[in-house]
Amino acid sequence: MSVGAGQRPRSTPAQTRRAIWNTVRGSSGNLVEWYDVYVYTVFASYFEGEFFDKADRNSTIYVYAIFAVTFVMRPVGSWYFGRFADRRGRRAALTFSVSLMAACSLVIAVVPSRSSIGLAAPAILILSRLVQGFATGGEYGTSATYMSEAATRERRGFFSSFQYVTLVGGHVLAQFTLLIILQALPSEQVHQFGWRIAFAVGAVAAVVVFWLRRTMDESLSEEQLAAVRSGEDAGAGSLRELLTGYWRPLLLCFLITLGGTVAFYAYSVNAPAIVKTTYGSQALTATWINLAGLIFLMVLQPVGGMISDRVGRRPLLLWFGLGGLVYTYVLFTYLPETRSATMSFLLLAGGYVILTGYTSINALVKSELFPARIRALGVGVGYSLANSIFGGTAPLVYQALKARDQVPLFITYVTVCIAVSLVVYVFFLKNKAETYLDREQGSSFR
């Protein structure tokens, strides 16, 4: 029987130190894994000609189509790794997923170009990205679960926010890698081979992360793992049990994610791409603007988490939903017309302040919807379905509509998606209500 939430004492200094170290170990893998995801979009314009015909005006769309197609594998990965994590532990699942990501990054770094092996080059690129999509599908749900479970109860918002600190940090690291390579090599050499260095970095970094993840604590109790091994808890990590017994929180997880994931990719992938296009030959200027903006977004995450530990999670989601309804039009209307580096940064920064209302706490909000025995699977499947259908396709949708001078349709699309999630935040979420994590580990607010 669980101890009443109000009877739990505050976390001890030892528990806080343990939470800090587990967060560092868990989030370091998240950093490398999301670097491997974003290095693709950051360097897309540089390796595009290595895999597709430069004379084909649709080659850019093909590159982003591959980015979108990999999201098809995320639900599969979330099912596999979610079940794995709920039955064999979070640590083992996280270690496995980062190993897969690294192996595929190494393959992309060394695969010969289209001029050498023909259509086999894009085929290998697609296959590698599909496997990475599979691994990423498992990473999100499992890391969101681990970060939430490893946190101290009164600082869950703060500690769990580091999932997105490192998720955005992966993008920052990819942009920073581009900046270094642009300063070290002429643009022609970056197109020829410099982009390969960026993918190789991700593969090498995973070696360190593999060791760190093997030494982090397991957040599932030994009793829970023993019950699975003995067959006493046969339903742990079961997709059938998730769909029959927890379909309501699964639907909530999907709808909470819908608007947030579209906004995240629109603001953090499409908007930086607009900056890169706007500044044309001023590649370093564009890179500095995007890098500064993403660092700002990264720093905002623990701030949002700390605020949620005081006021609750729902007010931040409402801030994101209401702000996103207005700001999406502003960002995508004025950013392409801006030629001032300062104004470009401020436009990005404004979007990131709004986006933080979702990103800083979304991992925790979803983790609180499910009990431990089904949590990694529930979070992973709910997130990855919405992410695959709406989030990962956002860059492709934007590129396709932009090619037809229909950017206003993209603005409408993003705004409607945010509005759907806002309805959920307003009518279906309660602020500071008791959650499964509260029952298992003590209340965050009482």
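Sequence positions are assigned chain by chain, starting from 1 and proceeding in written order. Reporting of local features is limited, given that this is a predicted model, to residues whose pLDDT is at least 70; pairs of side-chain atoms are given and counted only at 80 or more, and all residues count toward the totals for whole chains, interfaces and linings. Note that the side-chain values use all heavy atoms of the structure and ignore hydrogens as well as water.

S.K.: Help me out: how do you make sense of the overall build of the protein chain in this one?
M.R.: A tally of regular secondary structure across the protein chain gives 21 helices and zero strands. Each radius of gyration reported is based on C-alpha atoms, and the globular scaling rule is 2.2 Å times the count of residues to the power 0.38. For 446 residues, the compact-globule formula gives about 22 Å, and the C-alpha radius of gyration of the protein chain, at 21 Å, lands near that figure. Considered along the principal axes of its C-alpha atoms, the protein chain spans approximately 65 × 45 × 40 Å. When a residue's accessible area, from a 1.4 Å probe over protein chains only, is under 20% of the maximum for its type it is buried; when over 50% it is exposed; and in between it is partly exposed. Buried positions account for 58% of the 446 residues belonging to the protein chain. Whether two residues are in contact is decided by their heavy atoms, any of which lying within 4.5 Å being enough. The contacts in the protein chain between residues at least 6 apart in sequence include a share of 86% that link residues at least 24 apart. Per-residue and other accessible areas follow the Shrake-Rupley method at a 1.4 Å probe size, with only the shown protein chains counted as cover for residues. Entry remark: accessible area of the protein chain is about 17600 Å², with carbon and sulfur atoms responsible for 65%. A run of H or I in DSSP counts as a helix once it spans at least four residues, and a run of E counts as a strand once it spans at least two, with each numbered from the N terminus.

S.K.: What should I look at first to understand the environment of Val98 in this one?
M.R.: Residue placement: Val98 occurs in helix H5 (residues 90–110). Sequence spacing of Val98 and Trp79 is 19 residues, and the spatial spacing of their C-alpha atoms is 16 Å. Other than its neighbours up to four places away in sequence, Val98 contacts Gly29, Glu33, Ala206, Val209 and Arg213.

S.K.: Sorry, what's going on with the packing of aromatic side chains here?
M.R.: Note on aromatic pairs: each is described by the distance of the centres and the angle between the planes. Each Phe, Tyr or Trp ring (for Trp, its six-membered ring) is paired with any other whose centre lies within 6.5 Å, and the angle between the two planes then decides the class: stacked below 30 degrees, edge-to-face above 60, tilted in between. In this structure the tally under the stated criterion is 30 aromatic pairs. A centroid spacing of 5.6 Å and a plane angle of 40° characterise the contact between Phe320 and Tyr358, whose relative ring orientation is tilted. Of the two residues, Phe320 sits in helix H15 (residues 314–334) while Tyr358 sits in helix H16 (residues 341–359), which places them 38 residues apart along the sequence. Residue Tyr358 is classed as buried on the basis of its relative accessible area, which comes to 0%.

S.K.: How should the confidence of the model for the protein chain be read in this particular structure?
M.R.: Detailed reading of the predicted coordinates is not advisable wherever pLDDT is low. What pLDDT reports is the predictor's confidence in each residue, on a scale of 0 through 100. Taken as a whole, the protein chain shows an average pLDDT of 89; of its residues, 98% reach a score of 70 or greater. Across residues 1–6 the pLDDT falls below 50, and counting only partners more than four positions away or on other chains, this stretch makes six contacts in the model.

S.K.: Got a minute to help me understand the pattern of salt bridges in this structure?
M.R.: The rule for a salt bridge is simple: a side-chain nitrogen of Lys or Arg has to be within 4 Å of a carboxyl oxygen of Asp or Glu. The tally for this structure, following the rule as stated, stands at 12 salt bridges. For Arg90, the salt bridge goes to Glu149, with nearest N and O atoms at 2.8 Å. Note that Arg90 is positioned in helix H5 and Glu149 in helix H7 (residues 120–150), a separation of 59 residues in sequence. Salt-bridge contacts for Asp233 lead to Arg373; the nearest nitrogen and oxygen are separated by 2.6 Å. With Asp233 in the loop between helix H11 (222–230) and helix H12 (239–245) and Arg373 in the loop between helix H17 (362–367) and helix H18 (375–391), this residue pair connects regions lying 140 residues apart in the sequence. Among the residues examined, Asp233 registers a relative accessible area of 17% and is labelled buried. Several salt bridges share partner residues, and in doing so they unite Asp86, Arg90, Glu149, Arg375 and Glu440 into one network.

S.K.: Whenever I open this one, helix H3 (residues 59–69) confuses me. Can you help?
M.R.: Structural remark: α-helix, 3.6 residues per turn; residues separated by three or four positions point the same way. Listed in full, the buried residues belonging to H3 are Ser59, Val63, Tyr64, Ile66, Phe67 and Ala68. The elements touched by buried residues of H3 are helix H1 (13–42), helix H2 (44–51), H7, helix H13 (247–278) and helix H19 (394–403).

S.K.: Help me out: how do you make sense of the packing of H2 against helix H10 (residues 187–214) in this one?
M.R.: Describing two packed helices takes the angle between their axes plus the distance from one axis to the other. Running from N to C, H2 and H10 cross one another at 115°; their axes reach a closest spacing of 8 Å. One way to sum up the angle between H2 and H10 is to call them roughly perpendicular. Crossing angle aside, the handedness with which H2 passes H10 is left-handed. Between H2 and H10, the contacting residues are Ser45, Tyr46, Phe47, Glu50 and Phe51 on the first element and Val190, His191, Gln192, Trp195, Arg196 and Phe199 on the second. For helices, the fitted line uses only the C-alpha atoms of the stretch in contact; every axis is such a line through C-alpha atoms, and the angle between N-to-C directions lies from 0 to 180 degrees. Each angle receives one of four descriptions, namely roughly parallel if under 35 degrees, roughly antiparallel if over 145, roughly perpendicular if within 65 to 115, and oblique otherwise. Take the far helix as the reference: if the near one is turned anticlockwise from it by less than a right angle, the crossing is left-handed, and if turned clockwise, right-handed.

S.K.: Help me understand the nonpolar core, please; the structure alone is not making it clear to me.
M.R.: A general tendency of soluble globular proteins is for nonpolar side chains to be buried together. Ranked by internal contacts, the top residues of the largest apolar core, which has 103 residues, are Phe43, Phe47, Tyr265, Phe332 and Phe370. At 16 residues, H13 tops the list of elements feeding residues into this core. If we ignore the near neighbours within four places in the chain, the residues touching Phe43 are Ala174, Thr177, Leu178, Ile181, Trp195 and Ala198. Residues belong to a common nonpolar core when they are buried Ala, Val, Leu, Ile, Met, Phe, Trp, Tyr or Cys residues joined through side-chain atoms within 4.5 Å. Counting six residues, the second largest nonpolar core, distinct from the first, contains Phe81, Ala93, Phe134 and Ala376.

S.K.: What exactly am I supposed to notice about the layout of surface pockets here?
M.R.: Over the atoms, a rolling probe the size of a water molecule traces out where space has been left empty. What the largest pocket holds in volume is close to 790 Å³. Note on definitions: the grid is 1 Å and covers protein atoms alone; a cavity is a set of points where a 1.4 Å probe fits but cannot get out; a pocket is an open set with protein on both sides within 12 Å along at least five of seven lines; lining residues have an atom within 4 Å of a point. What lines the largest pocket is a set of 27 residues, among which Glu149, Ala151, Ser219, Glu440 and Gln441 lie closest to the centre. For the lining of the largest pocket, the secondary-structure elements that each account for two or more residues are H1, H7 and helix H21 (436–441). In terms of residue count, the dominant contributor to the lining of the largest pocket is H1 (four residues). For the lining of the largest pocket, the class distribution of residues is eight nonpolar, eight polar and 11 charged. Grid points are joined across faces, edges and corners, and a volume is the space filled by probe spheres set on the points. Approximately 530 Å³ is the volume attributed to the second largest pocket. For the second largest pocket, the lining is made up of 22 residues, of which Leu369, Leu429, Ala433, Glu434 and Thr435 are closest to its centre. Residue polarity follows a fixed list, in which Ala, Val, Leu, Ile, Met, Phe, Trp, Tyr, Cys and Pro are nonpolar, Asp, Glu, Lys and Arg are charged, and the others, Gly among them, are polar.

S.K.: Explanation requested: the side chain of Arg153 in the structure shown.
M.R.: Along the chain, Arg153 turns up in the loop between H7 and helix H8 (156–160). Asp and Glu count as negative and Lys and Arg as positive, but His and the ends of the chain are not part of the count. Nearest to the buried, unbridged Arg153 among oppositely charged side chains is Glu154, at 4.2 Å. Polar contact criterion, stated in full: a pair of N or O atoms within 3.5 Å, where within protein one must be able to donate a hydrogen and the other to accept it, and residues adjacent in sequence count only if both atoms are side-chain atoms. Within the structure, Arg153 has its side chain in polar contact with the backbone oxygen of Ser443 (distance 2.6 Å).

S.K.: Explanation requested: the side chain of Ser421 in the structure shown.
M.R.: Checked against the element boundaries, Ser421 lands in helix H20 (residues 407–427). A distance of 2.6 Å separates a polar atom in the side chain of Ser421 from the backbone oxygen of Leu255. Once residues within four sequence positions are removed from consideration, Ser421 is found in contact with Leu255, Ile256, Leu258, Gly259 and Gly260.

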